[in-house]
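Coordinate inspection notes
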Amino acid sequence: MSETKKFKTEVQQLLDLMVHSLYSNKDIFLRELIANAADAIDKARFEALTNSEIATDWEIRIEADKEHSILRISDNGIGMTNEEVIKNIGTIAKSGTKAFLSALDKNKEENSPDLIGQFGVGFYSAFMVADKVELISKKAGSKDSATCWESDGKADYSIDESTRENQGTTVIVHLKESEKAYLEEWKIKEIIKKYSDYIEHPIKMSITRKKEDESEETTDEVLNSQKAIWLRSANDITEEEHKNFFQHLSHFGGDPLMHIQYSAEGTSEFKALLYIPEKAPFDLFSQDQKKHGLHLYIKRVFISDECNNLLPDYLRFVKGVVDSSDLPLNISREILQDNPTILKINKNIVKKILSELTKLKENDLEKYVNFYHEFGKNLKEGVHSDFANKEKLQELVMFESMTNEPGKLISLKEYVTAMPEKQKEIYFITGEERAVLENSPHLELLKKNGYDVLFMIDPIDEWVVQSLTEYDGKKLKAAGKGEIELDDESKKDTDKKLKKASKEHKNLIGFIKTSLGEKIKDVRFSKRLTDSACCLVSDEYDPTPNMERIFKAMNQSMPSTKRILEINPDHALVAGLQGVYDKSKDDPKLAEFAELLYDQALLAEGSPIPDPVNFSKRISDLMVVSLGK
Ligand code: ADP
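A brief structural summary. Quantities reported herein were computed from a predicted structural model and do not represent experimental measurements.

Cut-off values and rules
- Residues numbered from 1 in each chain as written.
- Predicted model: local features only at pLDDT ≥ 70, side-chain atom pairs only at ≥ 80, totals over all residues.
- Heavy atoms only, no water.
- Helix = DSSP H or I, 4+ residues; strand = E, 2+ residues; numbered from the N terminus.
- Rg over C-alpha atoms; globule rule 2.2 N^0.38 Å.
- Buried < 20%, exposed > 50% of the residue type's maximum accessible area, 1.4 Å probe, protein only.
- Contact = heavy atoms within 4.5 Å.
- Pairing = 2+ DSSP bridges.
- Axes fitted to C-alpha atoms, helices over the stretch in contact; angles between N-to-C directions.
- Patch = residues over 30% accessible without salt bridge, like charges linked within 9 Å, V, L, I, M, F, W, Y side chains within 5 Å.
- Areas by Shrake-Rupley, 256 points an atom, 1.4 Å probe, with all protein chains shown as cover.
- Salt bridge = Lys/Arg side-chain N within 4 Å of Asp/Glu carboxyl O.
- Phe/Tyr/Trp six-rings, centres within 6.5 Å; stacked < 30°, edge-to-face > 60°.

This brings us to the overall build of the chain. Of the regular secondary structure elements, the chain holds 21 helices and 23 strands. Its C-alpha atoms give the chain a radius of gyration of 33 Å, more than 25% over the compact-globule value 25 Å for 629 residues. Overall, the C-alpha framework of the chain stretches about 120 × 60 × 40 Å when taken along its three principal axes. Expressed as a percentage of the 629 residues in the chain, the buried residues total 51%. Taking all contacts inside the chain whose residues are at least 6 apart in sequence as the whole, residues at least 24 apart take part in 71%.

As summarised here, the arrangement of the five strands in space is 10-11-14-12-13, forming an open sheet in which the pairing is mixed. Strands with a single pairing partner mark the edges of an open sheet, and in this sheet they are strand 10 (256-264) and strand 13 (301-304). Between one strand and the next, the sheet's axes are offset by a mean angle of 20°, whatever the strand orientation. The pairing of strand 11 (residues 270-277) with strand 14 (residues 319-324) spans six bridges and is classified as antiparallel. Bridge assignment links leucine 274 to a residue of strand 14, and that residue is glycine 320. Lying over the sheet, helix 2 (residues 28-48) contacts strand 12 (295-298) and strand 13, oriented at roughly 90° with respect to strand 13. Strands in contact with helix 9 (residues 340-363) are strand 10, strand 11, strand 12 and strand 14; relative to strand 10, the strand with the most contacts, it is inclined by about 135°.

What follows concerns a nonpolar patch on the surface. On the surface, a cluster of nonpolar side chains totalling about 360 Å² of accessible area is made up of Ile619, Leu622, Met623 and Leu627. Mapping isoleucine 619 onto the fold places it in helix 21 (residues 612-626). Owing to a relative accessible area of 31%, isoleucine 619 belongs among the partly exposed residues under this scheme.

With that settled, consider unusual backbone geometry. At glutamate 214, a position not held by glycine, the phi torsion is positive, near 75°. Tracing the backbone shows glutamate 214 in the loop between strand 8 (203-210) and strand 9 (216-222). The residue asparagine 555 is not glycine, and still its phi comes out positive at about 60°. Within the fold, asparagine 555 resides in the loop between helix 18 (545-553) and strand 23 (563-567).

Our focus in this paragraph is the sheet that holds strand 23. Spatially, the three strands line up as an open sheet ordered 21-23-22, and their pairing is mixed. Of all the strands in the sheet, just strand 21 (520-525) and strand 22 (534-537) have a single pairing partner and so form its edges. Across the sheet, the mean angle from the axis of one strand to that of its neighbour is 25°, orientation sign disregarded. Relative to strand 23, strand 21 runs parallel, the two being bridged by five bridges. Within the sheet, the bridge partner assigned to isoleucine 520 lies in strand 23 and is arginine 563. Packing of helix 17 (residues 506-516) onto the sheet brings it into contact with strand 21 and strand 23, and relative to strand 21 it is tilted by some 160°.

What follows is about the environment of aspartate 611. Its location among the elements puts aspartate 611 in the loop between helix 20 (588-604) and helix 21. With a relative accessible area of 35%, aspartate 611 lands in the partly exposed category. Through-space distance from the C-alpha of aspartate 611 to that of aspartate 599 is 8.7 Å; in sequence the pair is 12 residues apart.

Next up on the list: the environment of methionine 623. Along the polypeptide, methionine 623 turns up in helix 21. On the basis of relative accessible area, methionine 623 is assigned to the partly exposed category, the value being 49%. Remark: the alpha-carbon pair of methionine 623 and glutamate 216, spanning 407 residues in sequence, is separated by 100 Å.

Bringing the packing of aromatic side chains into the picture now. All chains considered together, the criterion is met by 19 aromatic pairs. Both rings, one in tryptophan 149 and one in tyrosine 157, keep their centres 5.8 Å apart while their planes meet at 25°; by these two values the pair is stacked. The buried category is assigned to tryptophan 149, whose relative accessible area is 0%. Taken together, Phe7, Phe123, Tyr124, Trp149 and Tyr157 form an aromatic cluster joined through their ring pairs.

Limitation: the analysis is restricted to geometry and does not speak to function.
Right under this line is the structure:
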């Protein structure tokens, strides 16, 4: 019995976009339907390994019915049950759809077709060219009858029982009057050659030709070359082919930045063709992205694209195919996860990817930096998580720095090479933005000595510096943490000076400490300030306020850690305050000034102050006094 169902709102929105906006490259609807057909055959072929009920003479068939303006795309793949049709075709289960819609909104028509497929909206692209689409599907290996789905792509769809002789799915595209070109043999051939040539199942079409004697002859033609691209020799593959294959694999638009073709022999035999995308997808950090890994084939048979152990998580942006000849074909997907062969492949390809990136950095820095802007965060994740490859990864990460103009990235090696001879440690500072860090009082002494400081303005940098504590025998030192000791010579002088100041102003320092109470851990004279009156520093092993901010942004609670108020012994304020204190240690101004010192230290590093109203009041009072009114 036929049943009519309403599309979910999101589907309706999507369909509306398909029909009205995405007109710049309609050809891809055929690519999408053929890709679905090929996926369905891959799935059936995998099932057939353990289920003899499944027919295995795989083919995708295109039929152009000019009389009725109908294009049929059939496969004899896995098919769908009634419930699966409703679930897969009637709704969009994927969480990324909202993101897709908003991305479309931003990109407008111009880039839209590239986005199709990214969020699994491939099937609906048929409505770009059709005013009605039917789908008839019969699940492989099942005795149930077939299901027919039909819609005009507006508000609803109908679903009904149907008949279909064999397993698989047929999509019947009723072309709009204006889209009849898609019935032409040359057009279909052109699209298939362009987008679907590498599909390893034959895409067949019956073609009728007039013979010399005017009689007609119909033959089946295979429209694609079916060559698994990763098995071909590197020189034979054109850029265009790489681009198309990448788009097929990646489920997101755009071009590959580079490809890596690799053939491993010896203890582990496999071939890999890997792509690094030019642009990061905007759901790079969502769970959906993590699910779709490399496509694993065993002796040319597609096994899975959810074999997470093929690549470490941080390299999830790499797309591609691995074809192994060592694994048994009937391996279960669960066992695949911990299989030693898989782990060996993983080790091999990670090494290969990192060495290719190293080569790129050495030979074409501009291209590498473009890559790094997109996926640098991933490499930083690697520094933190991939202990075995840390050495290589730390050569690949880059940062902005104080002595280089904004936007320019340098590597740790470059930093170290430029270090003045007397400098012993690698200095960095973490924070939210460069403009604030540049003026941070924490950097005054370093600036004065001509030391460079790495700006770590990516939230993940806080994690990087937890793992990357040393490079080239030099410690990485946070400019805003603990004590700063430049070199032995200047250390002697500063130590002497601080000792003297601490003695002279012992009671004043004690007063400030008591006055600020719970707000701070300690008050001491500073070695790192040359101009500012004061700053706040974290204890060597305490989290920074930047870290606390990041945790808060992730909605995770973290108790705030008290910090040390450092005061510049050379600043005129010290002598001034001492004067007031000596006159009367009960002067209420002293407590006010202590608060002001604390607040300005917060402001200088870009942190919010706890009580802005009181702060302004104190400043106004000070202005009144200074104006002599
Ligand atoms: P995607 O292919 O990106 O998942 P689609 O909208 O193209 O998104 O298809 C949605 C789902 O419908 C597919 O994931 C698949 O489960 C199912 N499907 C589509 N076409 C076919 C087909 N020819 N055979 C079997 N299942 C199909």
